[in-house]
Amino acid sequence: MTTRVRTPTRVRTPLPPPVRRARLLTPPGVYAPQCDTALLTRALYREDIGDAAPVLDLGTGSGALAVAAARLGAEVTALDISWRAVLTTRVNAFLAGQSVTVRRRDLTSYLPRGPYELVVSNPPYVPSLSWEPPRRGAARAWDGGLDGRALVDRVCDVGARTLRTGGVLLIVHSALCGVDTTLSRLTGLGMDARVIDRELVPFGPVLRSRRAWLRRRDLIGEDEICEELVVIRAERS
């Protein structure tokens, strides 16, 4: 059974003004920034990112994190399997006046070239009724396979293999797909991993539609209506 923390502590780190003012295009089929994006952006801004530091955004979606990192002076490469997301990120970077290299790549088979100083990712992590994530359609942005870990595990592996020594991976996902599992995997890959932020948020439309299925799998309790989001920071030794 997935371990869930019932009394999460929320870290309230204010976002810099440029992030709050950001307006991003999010056409249908592209993941719109939500609570998980905000949590990860807060974590990103707590990192000491040097000028022109190489940063990799895995599964960029609208490009929210890529643009935020570029605002800090990073040299950003953003990847996504969706052509619509790739084009959206290019447009959002242009509108924000930021330089971001955006490429279409399938993370299940592609290993980016490093080394990177920072890798960030808000991957699909919602447990779904199929072992494999969908290959097309809007659900590709959130469905992470039967246990929600199809892309989460891949991000952990890619981060460990592409970061320089001392480099950092920042990943956000739901506790429904296993916080301890992620920490154990990253530790096994030679990284110092810990939870640095968490927040309890109400179920969105997708999880509300799957409540009965999640209860049958003992992933949530009978009366649960919220999920815990966590940001994990892992530093490569």
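Before going into details, it helps to say that this report is about the structure given with it. Worth saying up front: this structure is predicted, and the values here are computed from it rather than measured.

1. Looking at the pairing of strand 3 (residues 100-104)
Pairing between strand 2 (residues 75-80) and strand 3: 5 bridges, direction parallel. Looking at the pairing, T77 lines up with T101 of strand 3. This β-α-β element, strand 2 to helix 4 (residues 83-95) to strand 3, shows right-handed connectivity.

2. A look at the sheet that holds strand 1 (residues 54-58)
Strand order across the open sheet formed by 7 strands is 3-2-1-4-5-7-6, with mixed pairing between neighbours. Two strands bound the open sheet, and with one partner strand each, they are strand 3 and strand 6 (191-202). Strand-to-strand twist of the sheet, defined as the mean angle between neighbouring strand axes without regard to direction, takes the value 15 degrees. Bridging between strand 6 and strand 7 (residues 226-236) involves 11 bridges; their strand directions are antiparallel. Looking at the pairing, M191 lines up with R236 of strand 7. In this fold helix 4 packs onto strand 2 and strand 3, with an angle of close to 170 degrees to the strand it touches most, strand 3. The strands touched by helix 5 (residues 150-162) are strand 1, strand 4 (116-121), strand 5 (163-174), strand 6 and strand 7; relative to strand 5, the strand with the most contacts, the crossing angle is about 165 degrees.

3. A word on the pattern of salt bridges
In total, this model carries 13 salt bridges according to the counting rule given. Note that R46 is salt-bridged to D197, the shortest N-O span being 3.9 Å. On the criterion of sequence distance, the pair formed by R46 in helix 2 (residues 35-46) and D197 in strand 6 is long-range, its members being 151 residues apart. On the basis of relative accessibility, which here comes to 34%, the residue R46 falls in the partly exposed class. Salt-bridge contacts for R149 lead to D153; the nearest nitrogen and oxygen are separated by 2.7 Å. The same class applies to R149 as to D153, namely buried. Among the charged side chains, a salt-bridge network with shared partners connects R42, R46, D197 and E199.

Conventions used here
- Residues numbered from 1 in each chain as written.
- Predicted model: local features only at pLDDT ≥ 70, side-chain atom pairs only at ≥ 80, totals over all residues.
- Heavy atoms only, no water.
- Pairing = 2+ DSSP bridges.
- Helix = DSSP H or I, 4+ residues; strand = E, 2+ residues; numbered from the N terminus.
- Right-handed = clockwise from strand over helix to strand, strands pointing away.
- Axes fitted to C-alpha atoms, helices over the stretch in contact; angles between N-to-C directions.
- Contact = heavy atoms within 4.5 Å.
- Salt bridge = Lys/Arg side-chain N within 4 Å of Asp/Glu carboxyl O.
- Buried < 20%, exposed > 50% of the residue type's maximum accessible area, 1.4 Å probe, protein only.

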